[in-house]
Amino acid sequence: MSAPFLYRAWVAASMVLLPFATFIETKKLRRAGVTVLRAHEKIGHATEPREEGVPLVWFHAASVGESLSVLALIARMGVHLPNAQFLITSGTPSSAKLLASRLPPRSVHQFAPFDAPGPLRRFLKHWRPDAAVFVESEIWPQMLRRTYATGAKMAMVNARLSDRSMARWRKYPKSARYLLEVFSLILTQNDKMAQGMVDMHAPADRVARGINIKSMAGPLPVDEDALFEARAALGHRPVWVASSTHEGEEQAVLAAHKTLLETHPDLCLILAPRHPERGTEVMNLIAGAGLSLTRRSRGDMPGGQVFLADTLGELGLWYDLSDIVFLGGSLKPIGGHNPFEVAQSGAYVLSGPHVAAFTETYGEMETLGAARIVADGADLAARVDHLLRNDADRTKACTAARDFIEGRTDMLDGIATRLISALELTP
């Protein structure tokens, strides 16, 4: 199939935009503490060797959640492919930092190259992937077609596009078909998305419903020394967690906490905003609500009426301290956040009503008693109060959360085997 006009136009535009994108992205990575050497991975200069004589399987993900979601899948594929090397690419410094401590054996991380001819040529010449797996919505035109041109077998897992994105692609059927035909297998999160990919002109015989592989990721890492210190600081105080909150949500959470303090005066709220750089803003909200606080970015441990957990990479630690976790991004129309990480810790999940990104997941979890959707801050306070007062109900809810996760782990081997077959890799 010849390249459609839109693809050729994007190739030309990317060559013009590359110098500007390189300057902006390098500056952003440097501000985040990334070395100049590693920042040059964005223009295709590898900083890790490719092992000779072994197959290389490349996984490309966007950011933290997508990157971490494939780790368990890579580990499982590694059991079947004991001689393979695995490459993970992502675009954000936060994903690079978290992956550094969690990479499976025989795996390396690099920043994804720009979707432009020069960076991709250098990247593909060095890494020579035998197979490539793209996660969720990573549809970069040149990355897909240039990888396909090398002869590498390709798959998409956890495929998920917004209704708006799918409608946009349907307006350009030739371009959509040109990009999606590269995949030997497209595994979607649900039946609706499978039909959506077919409607976007993906080859119907290569599209199948999979599962949300974010449910397969292992528990978040926990620093055991820090966990011991945190538990010592809390003593016997009851604790609940509100994590991944966004602007406009902390006020409702803090109001709920003030209500709870009336009947649970020693209760501690661990508040972990989605973006730690909002720490000072959230601290001012806590102080404005008349609540005492300690702050993790100052080196504090939980204390006061609210503990502001404004650091990156420590959510697993805070989840281990409580049986009750409220997930933000859900009281506002943001789409919700990953409930699997909470359930992996054995905690009960509370969420607001705006969970478009995880509708089916929350439906299943609510049916099993592993999660509960609350309408607003007042409903949140009432639910947390009930769980604090009723040990049996809280224990039952946490058990349901663990059962939910255990029920999905058996599916992982099937997904790994299916990918290995579709990518024509030899076990």
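Residues numbered from 1 in each chain as written. Predicted model: local features only at pLDDT ≥ 70, side-chain atom pairs only at ≥ 80, totals over all residues. Heavy atoms only, no water.

Regarding the pattern of salt bridges
Then comes step 1: Inspection of the entire model under this criterion finds 19 salt bridges.
Then comes step 2: Between Lys192 and Asp163 there is a salt bridge whose closest N-O contact spans 3.9 Å. One end of the pair, Lys192, is in helix H10 (residues 191-199); the other, Asp163, is in helix H8 (residues 163-170), with 29 residues separating them in the sequence.
Then comes step 3: Linked through salt bridges whose partners overlap, the residues forming this network are Asp191, Arg209 and Glu360. (Salt bridge = Lys/Arg side-chain N within 4 Å of Asp/Glu carboxyl O. Helix = DSSP H or I, 4+ residues; strand = E, 2+ residues; numbered from the N terminus.)

Topic: the environment of Gly352
Then comes step 1: Counting through the fold element by element, Gly352 comes out in the loop between strand S13 (348-351) and helix H16 (359-368).
Then comes step 2: Sequence spacing of Gly352 and Gly377 is 25 residues, and the spatial spacing of their C-alpha atoms is 8.6 Å.
Then comes step 3: Contacts of Gly352, omitting those with residues within four sequence positions, involve Phe326, Leu327, Ser330, Leu331, Ile373 and Val374. (Contact = heavy atoms within 4.5 Å.)

A few points about a negative patch on the surface
Then comes step 1: A surface patch of negative charge is lined by Asp223, Glu224, Asp225 and Glu229.
Then comes step 2: With respect to the secondary-structure elements, Asp223 resides in the loop between strand S7 (207-209) and helix H11 (224-234). (Patch = residues over 30% accessible without salt bridge, like charges linked within 9 Å, V, L, I, M, F, W, Y side chains within 5 Å. Areas by Shrake-Rupley, 256 points an atom, 1.4 Å probe, with all protein chains shown as cover. Lys, Arg positive; Asp, Glu negative; His and termini not counted. Charge placed at Lys NZ, Arg CZ, Asp CG, Glu CD.)

Some thoughts on the pairing of strand S1 (residues 56-60)
Then comes step 1: The element S1 is largely enclosed, with a buried count of five among its five residues.
Then comes step 2: The two faces of S1 match: Leu56, Trp58 and His60 on one face and Val57 and Phe59 on the other face are all buried.
Then comes step 3: One ladder, built from five bridges, connects S1 with strand S2 (residues 85-90); its direction is parallel. Its bridge partner being in S2, Trp58 is matched across the sheet by Leu87. (Buried < 20%, exposed > 50% of the residue type's maximum accessible area, 1.4 Å probe, protein only. Pairing = 2+ DSSP bridges.)

Side note on the layout of surface pockets
Then comes step 1: As a volume, the largest pocket reaches approximately 1,200 Å³.
Then comes step 2: Looking at the largest pocket, it is lined by 44 residues, and the ones nearest its centre are Ser63, Val64, Gly65, Arg274 and His337.
Then comes step 3: Going through the elements one at a time, helix H3 (64-69), helix H5 (93-100), strand S9 (268-273) and helix H14 (315-319) are the ones with two or more residues in the lining of the largest pocket.
Then comes step 4: Taken together, the residues of the lining of the largest pocket sort by class into 19 nonpolar, 15 polar and ten charged. (1 Å grid on protein atoms, 1.4 Å probe; cavity = no way out; pocket = protein on both sides within 12 Å on 5 of 7 lines; lining within 4 Å. Points joined across faces, edges and corners; volume = space filled by probe spheres on them. Nonpolar A, V, L, I, M, F, W, Y, C, P; charged D, E, K, R; others polar.)

Structural notes on the packing of aromatic side chains
Then comes step 1: All told, the structure shown has six aromatic pairs when counted by the stated rule.
Then comes step 2: When the centroid spacing of 6.2 Å and the interplanar angle of 70° are considered together, the rings of Phe134 and Phe183 count as edge-to-face. Of this pair, Phe134 sits in strand S4 (residues 131-135) while Phe183 sits in the loop between helix H9 (173-180) and strand S6 (185-188), and the two are 49 residues apart along the sequence.
Then comes step 3: Three or more aromatic residues joined by ring pairs form one cluster here, namely Trp58, Phe123, Phe134 and Phe183.
Then comes step 4: Sitting over the face of the ring of Phe114, Lys42 holds its NZ or CZ atom 5.0 Å from the ring centroid.
Then comes step 5: Positioned above the aromatic ring of Tyr178, the side-chain terminus of Arg145 is 3.8 Å from the ring centre. (Phe/Tyr/Trp six-rings, centres within 6.5 Å; stacked < 30°, edge-to-face > 60°. Lys NZ or Arg CZ within 6 Å of the ring centre and 35° of its normal.)

Digging into the packing of helix H1 (residues 5-31) against helix H7 (residues 141-149)
Then comes step 1: Viewed as axis vectors pointing N to C, H1 and H7 meet at an angle of 105°, and their least axial separation amounts to 10 Å. Considering the angle they form, H1 stands roughly perpendicular to H7. Counting all contacts with H1, which are made through Tyr7, Trp10, Val11 and Ser14, the residues of H7 involved are Pro141, Gln142 and Arg145. (Axes fitted to C-alpha atoms, helices over the stretch in contact; angles between N-to-C directions. Parallel < 35°, antiparallel > 145°, perpendicular 65-115°, else oblique.)

Remarks on the sheet that holds S6
In any sheet, the strands associate via hydrogen bonds between backbone groups, in a parallel or an antiparallel arrangement.
Then comes step 1: Strand order in this open sheet of seven strands is S3-S2-S1-S4-S5-S6-S7, and the pairing throughout is parallel. Of all the strands in the sheet, the pair left with one neighbour each is strand S3 (107-111) and S7. In this sheet, neighbouring strand axes are inclined to one another by 20° on average, regardless of whether the strands run parallel or antiparallel.
Then comes step 2: Bridge analysis of S2 against S3 gives five bridges, and the strand direction is parallel. The residue of S3 that forms the bridge with Thr89 is Gln110.

Regarding a nonpolar patch on the surface
Then comes step 1: Nonpolar side chains collect at one region of the surface, where Val16, Leu17, Phe20, Phe23 and Ile24 lie side by side and expose about 570 Å² of accessible area between them.
Then comes step 2: Structurally, Leu17 is set in helix H1.

What about empty space enclosed by the protein?
Then comes step 1: Counted by the stated rule, this structure contains one cavity of 30 Å³ or more.
Then comes step 2: Considered as a void within the structure, the largest cavity measures approximately 30 Å³ in volume.
Then comes step 3: Elements with a minimum of two residues in the lining of the largest cavity: strand S5 (153-159) and S6.

By themselves, these figures tell us nothing about what the structure is for.
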